[in-house]
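# Chains, contacts and geometry: an overview
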Amino acid sequence: MIDKTGQRILDRIDAHRDQIIAFAEDIATHPEPGYEEVRTAQKAAEFLKSLGYEVTEHLAHTGVKGSMKQKKGPTLTVIGELDAIGCHSHPKADPTTGVAHACGHHAQMAAMIGCAIAMADQQVQKCLDGNLNFLAVPAEEYIDADKRARLRKEGIEFCCGKSEMIRTGVFDDTDIALTTHVHMVPVEEDFYLGNPACNGYSAERVTVRGKAAHGAIDPWNGVNALSITTSAIQMMGLMRETFREEDHVRLHNVIRKAGDVINSVPDEAVVETKVRAASLDKIEEITEMINRAYAGSAYAFGGKIEQEKLQGYMPIIPRAADRALIEAADDLGLDYRTVQKGDFNNACTDVGDLSHLVPVVNFTFKGFEGKLHGADFRITDPEKAYILPAKLLALTAYKLLKDDAQEAKEITENYTPVFDKESYIQYVRHTIE
Ligand SMILES: [Zn+2]
């Protein structure tokens, strides 16, 4: 049953329908890569200011936080991701950077803004026994090793947005995070409530050192860095038979450099390697196997390996759909299903890191066609992709914070964090040392 305040929330979103859709579509036509989302961030900041929120900008470079701090009680942080993904062939790709909103983050931003519109209403705020943040977060998508090195020089220690925001204290006041995304697991229904388990990953950049020699006159005096590389990758292929299904291991390599000229024995190759798995322990274990493949191959040919560890993402700590979320979906008459035991998302997200520190109330939604990260990805139903997610976020936030924030308090009391801020920072630093 929708009460008077709930109805007021929905009416406000309906009254701003065109504005929310225009906001999403403007972002989709101006995609920006991670930590470079200047225009998108500015647009979000202006919008939140116009609604009367207290706004802080340039958090972790491009992040924006709008806050409604009025009372005691728990603080919810509603999250929207700012960045687009590299996808040159997408019709809306930026010609210079090659990124496009092929992961639907513009829809998340629209949902967050739509929720902010509803919650800015004075009457609605009177019925909340807690606080709200609206947080536009940079850099969710993977950032390659070169760009990471550049960012470090600019003072960004952690490569993914949420992680850097945890480090710099942006989440210090957050008791519960609310996140959304377009569907990442195959779901027939329009909405999927809860947070399924999901892979985390580790990554490294490996420089393989050999010895140059003429390719025809005296190749026996050379050490072929490309041969070391391909042998190591072949070993990884053979190791695959030891991976168990339930660990969801995925292994990817990109050879960034494989020698300089065709008539010399390649003396340097550079590879980026990524290991995905369902638990932090399994990620560590497989990463060690990969490192043995590199070391063994280098030993066999008489070359050397230099490894640079890159920060990964943590797996998501799964969370069933919370009561407030299910009730809100029922109130809206949505077509949905909840996360079931055994559901798994093979992709990775830095929401995983966040889920180790605070409870994350999450849902995903449809309203799109094509493949995630693909050139054919597009939003086809603005109602399902922008408006209904905004309503679901807003109604859920309201239900969590009304009546002395009873439901929000229950969630925080039943949640045991794996890390606090300090131990999280220590753990991440240890993985990239
Ligand atoms: Zn995404």
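Scroll up for the structure.
An account of the accompanying structure is given in this report. This is a predicted model, so every value here is computed, not measured.

The rules behind these values
Residues numbered from 1 in each chain as written. Predicted model: local features only at pLDDT ≥ 70, side-chain atom pairs only at ≥ 80, totals over all residues. Heavy atoms only, no water. Donors = N, O, S within 2.8 Å, 3.2 Å for Na, K, Ca; no water. Helix = DSSP H or I, 4+ residues; strand = E, 2+ residues; numbered from the N terminus. Buried < 20%, exposed > 50% of the residue type's maximum accessible area, 1.4 Å probe, protein only. Contact = heavy atoms within 4.5 Å. Phe/Tyr/Trp six-rings, centres within 6.5 Å; stacked < 30°, edge-to-face > 60°. Core = buried A, V, L, I, M, F, W, Y, C linked by side-chain atoms within 4.5 Å. Pairing = 2+ DSSP bridges. Expected span 1.5 Å × (residues − 1). Arc of directions from axis to C-beta. Polar contact = N/O pair within 3.5 Å; in protein donor to acceptor, adjacent residues only side chain to side chain. Axes fitted to C-alpha atoms, helices over the stretch in contact; angles between N-to-C directions.

## Overview of the coordination of the zinc ion
Distances from the zinc ion to its protein donors, Cys103 (SG), His105 (NE2) and His181 (NE2), fall within 2.2 Å. Read from N- to C-terminus, the donor residues coordinating the zinc ion fall into the pattern C-x1-H-x75-H. On the criterion of sequence distance, the pair formed by cysteine 103 in the loop between β5 (99–100) and α4 (105–119) and histidine 181 in strand β7 (residues 176–182) is long-range, its members being 78 residues apart. Of the two residues, cysteine 103 and histidine 181, both sit in the buried class.

## Topic: the environment of valine 99
With respect to the helices and strands, the residue valine 99 is situated in strand β5. Given the relative accessible area of 6%, valine 99 is considered buried. In this structure the C-alpha to C-alpha distance between valine 99 and histidine 373, which are 274 residues apart in sequence, comes to 9.9 Å. In contact with valine 99, other than residues within four places in its own chain, are Pro31, Glu32, Pro33, Ala84, Ile85, Gly86, Cys87, Lys92, Ala93 and Asp94.

## Points about unusual backbone geometry
For histidine 61, which is not a glycine, the phi torsion comes out positive at approximately 85°. By the secondary structure assignment, histidine 61 is in the loop between β1 (54–59) and β2 (63–68). Under the relative-accessibility criterion, histidine 61 is labelled partly exposed at 30%. At histidine 373, a residue that is not glycine, the phi angle is positive and equals roughly 70°.

## Observations regarding the packing of aromatic side chains
Scanning the entire structure with this criterion turns up ten aromatic pairs. Between phenylalanine 158 and tyrosine 424 the ring centres are 6.4 Å apart and the planes differ by 85°, which places this aromatic pair in the edge-to-face class. Here tyrosine 424 lies in helix α13 (residues 421–432) and phenylalanine 158 lies in the loop between α6 (145–153) and α7 (161–167), a separation of 266 residues in the sequence. The same class applies to phenylalanine 158 and to tyrosine 424, which are both buried.

## Topic: the nonpolar core
Counting residues in each nonpolar core, the largest one holds 75 residues, and the members touching the most others are Tyr53, Met119, Leu132, Phe134, Tyr386 and Leu392. Considering each element in turn, this core owes the most residues, 16 residues, to helix α12 (residues 382–413). If sequence neighbours within four positions are ignored, leucine 392 has contacts with Phe191, Leu193, Leu325, Ala328, Ala329, Leu332, Leu334 and Phe363. In this structure, Cys198, Ile316, Tyr424 and Val428 belong to the second largest nonpolar core, which totals 24 residues.

## Comments concerning the pairing of strand β10 (residues 200–209)
Of all ten residues that make up β10, nine are buried, and the element is covered over most of its length. Bridge count for β10 against strand β13 (residues 304–313) is eight bridges, and the pairing is antiparallel. Note that in β13 the partner of valine 206 across the bridge is glutamine 307.

## Re helix α1 (residues 4–15)
Helix length check: α1, at twelve residues, gives a terminal C-alpha distance of 16 Å against a target of 16 Å (1.5 Å per residue), a fit within 8%. Along α1, the residues classified as buried are Thr5, Gly6, Ile9, Leu10 and Ile13. Buried residues of α1 fall within an arc of 140° about the axis and therefore sit on the same side. Away from the buried face of α1 by more than 90 degrees, exposed residues Lys4 and Ala15 are located. Residues of α1 that are buried make contact with α2 (17–29), α4, α5 (122–126) and α12. The N-capping residue of α1, defined by a side-chain oxygen 3.3 Å from the backbone nitrogen of threonine 5, is aspartate 3.

## Side note on the sheet that holds strand β3 (residues 75–81)
Pairing between the strands of a sheet comes from backbone hydrogen bonds, and it takes one of two forms, parallel or antiparallel. A sheet is described by the order of its strands in space; here eight strands give the open sequence β1-β2-β6-β3-β7-β16-β8-β14, paired in mixed fashion. Edge strands, defined here as strands with exactly one partner in the open sheet, are β1 and β14 (336–338). With direction set aside, neighbouring strand axes in the sheet form an average angle of 20°. Strands β2, β3, β6 (131–137), β7 and β16 (360–365) of the sheet are contacted by α4, whose axis makes an angle of about 145° with β3. With respect to the sheet, helix α10 (residues 323–331) is in contact with β8 (191–193), β14 and β16, its orientation differing from that of β14 by roughly 165°.

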